[in-house]
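Structural characterization, general
Take a look at the letters that make up each chain.
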Amino acid sequence: MRWTALLALTFWPLVAPLAQAGAWLREDGAAMLAFSQEIAGSGANYSSVYAEYGLNARMTLGLDTGKGEAAEDWKAVVFLRMGRDFDWLPGRVAAELGLGAAGAAEGGAEGVLQSGLSWGNSFQTGLGWAWVNLDAKGIFHLAAASETAPPSVAGLPVTLTGGYKLDLTLGLNLSERMQVSLEMRFEDPAEGADSLRLVPAIARRVGRRGWISLGAVVGLDGTSASGLVLGSRVEF
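Residues numbered from 1 in each chain as written. Predicted model: local features only at pLDDT ≥ 70, side-chain atom pairs only at ≥ 80, totals over all residues. Heavy atoms only, no water.

So, about the overall build of the chain. Check the secondary structure of the chain and you find two helices and 12 strands. By the burial criterion, 42% of the 236 residues in the chain qualify as buried. A separation threshold of at least 6 residues defines the contact pool for the chain, and within that pool the share at least 24 residues apart is 47%. For the chain, the accessible area works out to roughly 11600 Å², and carbon and sulfur atoms hold 66% of it. (Helix = DSSP H or I, 4+ residues; strand = E, 2+ residues; numbered from the N terminus. Buried < 20%, exposed > 50% of the residue type's maximum accessible area, 1.4 Å probe, protein only. Contact = heavy atoms within 4.5 Å. Areas by Shrake-Rupley, 256 points an atom, 1.4 Å probe, with all protein chains shown as cover.)

Right, dumping it as structure tokens:
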């Protein structure tokens, strides 16, 4: 890993779990545990727990969980992220594959297959170290076939519905203890309407291993609810 990427990893921002799942990996044996609470103006709150552990220099194991207000609005995904540098491309690239479960609309649970591709780069500015990260993620739900949802996977008795997310994040490390970021989130879920949101945030280091953050969620499409995001993170 390049020394610029190592510096960016040291100051990696805390906004929400999809922001943390970027192109930078955890160092071998290093771990991180993060919590966040999104408080929406419409009352549609969302809580999440996110964790990463560095298996080695090129592989990170992670857990991405979340729970909304509705009983069926939950997910739990275990993923593996692999990354590397390319001589012809600035920054670094990471690929991710995850398996888990999520709540089904009719109750119960259904399988989830999650794949992602990320690119990130860090650079020096007159105000401090800055970074940019682009995440593209596909989320596919597997459920048992029924009369209203016929088989759709190679004749097997399951249905497959998919959605995707695209996140662009810009960040600036004002000091070793303070950082600001601006994230653009677009989501086209398997069910429901598209959303486009802007998330500015500020994070501050607490002690040697902890961070706390405060962010705003601003809906840009006229339908997405606005609100606040509160977060905390500890590194091991």
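With that settled, the discussion passes to the environment of Y50. Relative to the assigned elements, Y50 resides in strand β2 (residues 46–56). Taking the C-alpha atoms as reference points, Y50 and R233, 183 residues apart in sequence, are found 9.1 Å from one another. A distance of 2.7 Å separates polar atoms of two side chains, one belonging to Y50 and the other to E52. Looking at Y50, its side chain comes within polar contact range of the side chain of R81, at 3.0 Å. (Polar contact = N/O pair within 3.5 Å; in protein donor to acceptor, adjacent residues only side chain to side chain.)

Within the secondary structure layout, S36 lies in strand β1 (residues 31–40). A polar contact is formed between the side chain of S36 and the side chain of S48, at a distance of 2.4 Å.

On to the packing of aromatic side chains, then. On inspection of all chains with the given rule, the structure shows three aromatic pairs. With centroids separated by 5.8 Å and ring planes inclined at 50°, the aromatic side chains of Y164 and F186 adopt a geometry described as tilted. With Y164 in strand β8 (residues 158–175) and F186 in strand β9 (residues 178–188), this pair connects stretches of sequence that are 22 residues apart. In this structure Y164 comes out as partly exposed when scored by relative accessible area, which is 41%. (Phe/Tyr/Trp six-rings, centres within 6.5 Å; stacked < 30°, edge-to-face > 60°.)

With that out of the way, let us pick up the pairing of β9. Successive side chains on a regular strand alternate, one facing one side of the sheet and the next facing the other. As paired strands, β9 and strand β10 (residues 195–206) are joined by 10 bridges and run antiparallel to one another. Bridging across to β10, S181 finds its partner in A201. The antiparallel hairpin formed by β9 and β10 contains six residues in its connecting segment, where G192 sits at a positive phi of about 105°. (Pairing = 2+ DSSP bridges.)

When the charged atoms of two side chains with opposite charge come close together, those side chains can pair. Scanning all chains against the criterion turns up 10 salt bridges. Here E96 makes a salt bridge to R81, at a shortest N to O gap of 3.4 Å. Remark: R81 occurs in strand β4 (residues 74–86) and E96 occurs in strand β5 (residues 89–103); sequence separation between them is 15 residues. For the pair E96 and R81, a shared accessibility class is recorded, and that class is buried. (Salt bridge = Lys/Arg side-chain N within 4 Å of Asp/Glu carboxyl O.)

Mapped onto the elements, W119 comes out in strand β6 (residues 109–125). Here the alpha-carbon distance between W119 and D135, two residues 16 residues apart in the chain, equals 6.7 Å. Discounting chain neighbours no more than four positions away, the residues touching W119 are A23, L89, P90, G91, R92, V93, V132, N133 and L134. Of the polar contacts made by the side chain of W119, one reaches the backbone oxygen of P90; its length is 2.8 Å.

This part takes up the pairing of β5. Of the strand pairs in this sheet, β4 and β5 are connected by 12 bridges, and their pairing is antiparallel. Among the inter-strand pairings, L80 is bridged to a residue of β5, identified as L97. Of the pairings in the sheet, the one linking β5 to β6 comprises 12 bridges and is antiparallel in character. By the bridge assignment for β6, A102 is matched with E110. From the end of β5 to the start of β6, which pair antiparallel, there are five residues, and G107 there has a positive phi angle of about 100°.

Before going further, it helps to examine the environment of T65. Within the secondary structure layout, T65 lies in strand β3 (residues 59–68). As a C-alpha pair, T65 and K75 span 10 residues in sequence and 5.4 Å in three-dimensional space. Aside from chain neighbours lying at most four places away, what touches T65 is S47, S48, V49, K75 and A76. Of the polar contacts made by the side chain of T65, one reaches the backbone oxygen of V49; its length is 3.0 Å.

Time to look at a nonpolar patch on the surface. On the surface, L134, L166, L168, L170, L182, M184, V218 and L220 cluster together into a nonpolar patch covering about 610 Å² of accessible area. Within the residue set of the nonpolar patch, elements represented by two or more residues are β8 and β9. Tallying contributions element by element places β8 first for the nonpolar patch, with three residues. By relative accessible area, M184 is classed as partly exposed at 32%. (Patch = residues over 30% accessible without salt bridge, like charges linked within 9 Å, V, L, I, M, F, W, Y side chains within 5 Å.)

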